[in-house]
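The chain contents come next:
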Amino acid sequence: MTARDAAAELVGLWPRLPELVGRDWFGVRGKLLDLVDRVRRSGTDEDRVEHTESIMEVLLPYAQVREALSEAYFRGRRSSGPEGLEDIKWAAVCRLLGAMPHEQWFNARFDGRTRGDALPAHVTHRLVIGVDSFAHPHAFASAELALTVTEEAESAVLNVDVHGPPESVEVVPVRRTLVVWRDVPGLAVAEGAGDAAFDVTLLKDDGPVKLIAVVRTPQGHMRQAIVMTVHPSGRIDQEAPVRPPRQTGMPGTPVALSLVIARLHGVPCVVARDRRGALLAELPHSSDLLGGMAEQARQGIGGLLTGARGHLYEEQLDIPDEVYTADLRSVARSGLEFFQRLFHEGRHLSPNLPRIGDMLVSAVADAGPDSDAPHIEIVPNGLNLPWHLLYAADRWREDTLSPYRLLGIGARLTVVPEFSEHRHGTDATVRPASDTTALIAVNTEIDRAHTDDPRSLVADQVGYWKRRMADRAEIVDDGDRVAEALRTPERRDSLWYFYCHLVSGEQPTSSDATLLFAEQKQLRLRDMQLDAPYEVPLPGAPLVVLNTCSSRARGATLRSDFGTYFLDKGARAVLVTDVEVPTTLGAVWAERFFDRLLAGTTLGEALHLTARELVESHGNLLCLLYTALGSADVRLVAA
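Thresholds applied
- Residues numbered from 1 in each chain as written.
- Predicted model: local features only at pLDDT ≥ 70, side-chain atom pairs only at ≥ 80, totals over all residues.
- Heavy atoms only, no water.
- Buried < 20%, exposed > 50% of the residue type's maximum accessible area, 1.4 Å probe, protein only.
- Helix = DSSP H or I, 4+ residues; strand = E, 2+ residues; numbered from the N terminus.
- Pairing = 2+ DSSP bridges.
- Expected span 1.5 Å × (residues − 1).
- Arc of directions from axis to C-beta.
- Axes fitted to C-alpha atoms, helices over the stretch in contact; angles between N-to-C directions.
- Parallel < 35°, antiparallel > 145°, perpendicular 65-115°, else oblique.
- Left-handed = near helix turned anticlockwise from the far one by under 90°.
- Contact = heavy atoms within 4.5 Å.
- Nonpolar A, V, L, I, M, F, W, Y, C, P; charged D, E, K, R; others polar.
- Core = buried A, V, L, I, M, F, W, Y, C linked by side-chain atoms within 4.5 Å.
- Phe/Tyr/Trp six-rings, centres within 6.5 Å; stacked < 30°, edge-to-face > 60°.
- Lys NZ or Arg CZ within 6 Å of the ring centre and 35° of its normal.

We now examine the pairing of strand 23 (residues 626-630). With five of its five residues buried, strand 23 lies for the most part within the structure. Relative to strand 23, strand 22 (residues 573-577) is paired through five bridges, and the arrangement is antiparallel. Pairing of Ala 573 across the sheet is with Gly 630, part of strand 23.

Let's shift gears to helix 14 (residues 457-469). Taking 1.5 Å as the rise per residue, helix 14 with 13 residues should run 18 Å; its terminal C-alpha atoms sit 18 Å apart, in good agreement. Among the residues making up helix 14, those that are buried are Leu 457, Val 458, Gln 461, Val 462, Tyr 464, Trp 465 and Met 469. Relative to the axis of helix 14, the buried residues are bounded by an arc of 155° and lie together on one face. Residues of helix 14 that are exposed and point more than 90 degrees away from the buried face comprise Lys 466 and Arg 467.

Reading across from one edge, 5-3-7-8-9 is the order of the five strands in this open sheet, with antiparallel pairing throughout. Strands at the two margins of the open sheet, each flanked by one partner only, are strand 5 (177-181) and strand 9 (236-242). When strand polarity is set aside, the average angle formed by the axes of neighbouring strands in this sheet is 30°. Direction of pairing for strand 7 (residues 209-216) relative to strand 8 (residues 222-230): antiparallel, over a ladder of eight bridges. Across the sheet, Ile 212 pairs through a bridge with Val 227, a residue of strand 8.

Okay, the pairing of strand 2 (residues 124-131) next. With six of its eight residues buried, strand 2 lies for the most part within the structure. One ladder, built from five bridges, connects strand 1 (residues 106-110) with strand 2; its direction is antiparallel. Across the sheet, residue Phe 110 finds its bridge partner in strand 2, namely Leu 127. Looking at chain direction, strand 2 and strand 6 (residues 196-202) are connected through six bridges and run antiparallel. Bridge pairing links Thr 124 to Thr 201 in strand 6.

The next point concerns the sheet that holds strand 20 (residues 522-524). Backbone hydrogen bonds hold the strands of a sheet together, and the pairing may be parallel or antiparallel. Strand order in the open sheet formed by three strands is 18-19-20, and the pairing between neighbours is antiparallel. The outermost strands of the open sheet, each flanked by one partner alone, are strand 18 (501-503) and strand 20. Averaged over neighbouring strand pairs, the angle between their axes works out to 20° when direction is ignored. Two strands pair when backbone bridges link them, and strand 19 (residues 514-516) and strand 20 are joined in this way by three bridges, in the antiparallel orientation. Of the residues in strand 20, the one forming a bridge with Leu 516 is Gln 522.

With that settled, the discussion passes to the packing of helix 3 (residues 25-41) against helix 4 (residues 45-59). Interaxial distance between helix 3 and helix 4 falls to 9 Å at its minimum, and their mutual angle equals 170°. On the basis of the axis angle, helix 3 is roughly antiparallel to helix 4. Pair helix 3 / helix 4 crosses with left-handed handedness. Across from Val 28, Leu 32, Leu 35, Val 36, Arg 38 and Val 39 in helix 3, the residues of helix 4 making contact are Arg 48, His 51, Thr 52, Ser 54, Ile 55, Val 58 and Leu 59. Across the contact of helix 3 with helix 4, the residue classes tally to eight nonpolar, three polar and two charged.

A few words now on unusual backbone geometry. Although it is not a glycine, Ala 470 adopts a positive phi angle of roughly 55°. Mapped onto the elements of the fold, Ala 470 is located in the loop between helix 14 and strand 16 (473-476). Positive phi outside glycine occurs at Gln 520, with the angle close to 60°. For Gln 520, a relative accessible area of 74% puts it in the exposed group.

Attention now goes to the nonpolar core. By size, the foremost hydrophobic cluster in this structure holds 124 residues, and its most contacted members are Phe 498 and Phe 566. Considering each element in turn, this core owes the most residues, 10 residues, to helix 11 (residues 321-343). Ranked by size, the runner-up nonpolar core spans 31 residues in total, among them Ala 7, Leu 17, Met 56 and Met 100.

This next bit is on the packing of aromatic side chains. Counted according to the given criterion, the structure contains 14 aromatic pairs. Summarising the aromatic geometry, the rings of Phe 498 and Phe 566 are spaced 5.6 Å apart at their centres and angled 45° between planes, so their arrangement reads as tilted. You can see Phe 498 sitting in strand 17 (residues 495-499) and its partner Phe 566 sitting in helix 17 (residues 562-568), a full 68 residues away along the chain. You'll find Phe 498 and Phe 566 in the same group, each marked buried. Assessed through its relative accessible area of 0%, Phe 566 is described here as buried. Every member of this aromatic cluster is reached through a ring pair, and the members are Tyr 464, Trp 465, Tyr 497, Trp 589, Phe 593, Phe 594 and Tyr 626. One residue, Arg 333, lies across the ring of Trp 396, its end atom 4.0 Å from the ring centre.

Have a look at this one:
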């Protein structure tokens, strides 16, 4: 096997390298990126071979990497490579190595133009987006795109939208569909077959123009967003700033509305698509202002937990009608103000922004107790906004106030967090209920057993899991035991469930969040990031449910909370909370939620139906506390 073949095989192996290298990955990754950049910048094949061999020398000391590489690599160091692999072109390999850290397997080109051809303005040019062409089947089969094709199919169809600033470019779709073949590299397909195509007219020629392409599955799940910088010379630079978790795009509920946040020329933009079409608009607010808007929206639900009404929520599940009506008015008003400021107000408002707001209003317009809630997917790319608290309405109507316009109740909402470079290629296999195992971590002191006011919230939940899973549920009430399970994970659990206290860090971007267990045992996020880093993934890619207080980080980013930590550790999805959770409500919610999840429903459906039940049967709005990060189509057990 030649150096080119080794590089192509490395492309396919990249998603697994954090797990295969282990704790050294942070340092190894920096060396690899430097060597990859040297390969890309090399001007001769001799230099490319030298730097590629250096890449392999960095990786070969790791036994699991050696086992993952095909035996052909080692045979090839003494003999010629297998027939057919010599056809790989260095240009393709260099491009792939550059895309590898971003797992970006798409490429864009202007049809019929060679490198260096000028791209005159006010002339229509054909932009083609296709699967990158490389001739190593192992690399292609291992790449992220292979996950798009179901086991029983030979190919899959993706849908592509391309947008750009309307003052700089005009984009007219010719063909939105892009075809991916299972285990078939692009070179084996007739050029242009199955590629998406767009007619692009630059409206200026005095500098580069940025376009954004969003690739989705036919069900509407966001697959990847690619920002393309088009230079007047015709060169296209590509980057993939928005990458969802691997589980996004799993077969499930079709997406009625998708919102993707990305940056063009440093400005945050939202790309929306529903069944009627797609729009792009700039967000007219800074990250600081958006953070302030988010805090104001959270005050609406935070107010439900204070004063006399807070006492009602803590002590009983049923909320009197007059209290429910007042609380709905409070939450809806703050949610509507949030919605209006995001989509209808602001200086230099993009004309498409109100239209995107109308798309959101339209998506939930018919949601109610007798209808299926629409599936709305939001890819915020680091903007940690309380989307589920939006009250989707174009104006305030006191006589038609409805909880179903609150996205946390009126939609099957998926919030897809920014794809971390730490993320593992998780095994999201759904097992039968009889094979499902779980780690249940609880704080027994919540029951106040040795006080004059004891209760059985924890004891009842422990009994629930013993009835449902018997010896397949490991019950843990010691923070040290949880830390040990994180440091040296062995069991392939399908679920990690936490029912305990959580104290947030003083600063939104700090790592001081702490899980509290009995006897003052603590699990500090900062310690876990050091002692149980992301390089050691959780086997089984468990669903993680943090039934705690304020488990979701505040501020503009998601970088320093337990939710992101577990996603980095390979969790297929994480359920988090925005504010404090009354312990009584948390216990009742958990049993009803897990009853549905253990019956085979999806995460989004279980979350949505539990929220709807609490509102309709008990007038209790605290279901809005819970938000799913990751794919709402994840199942805990096979249906």
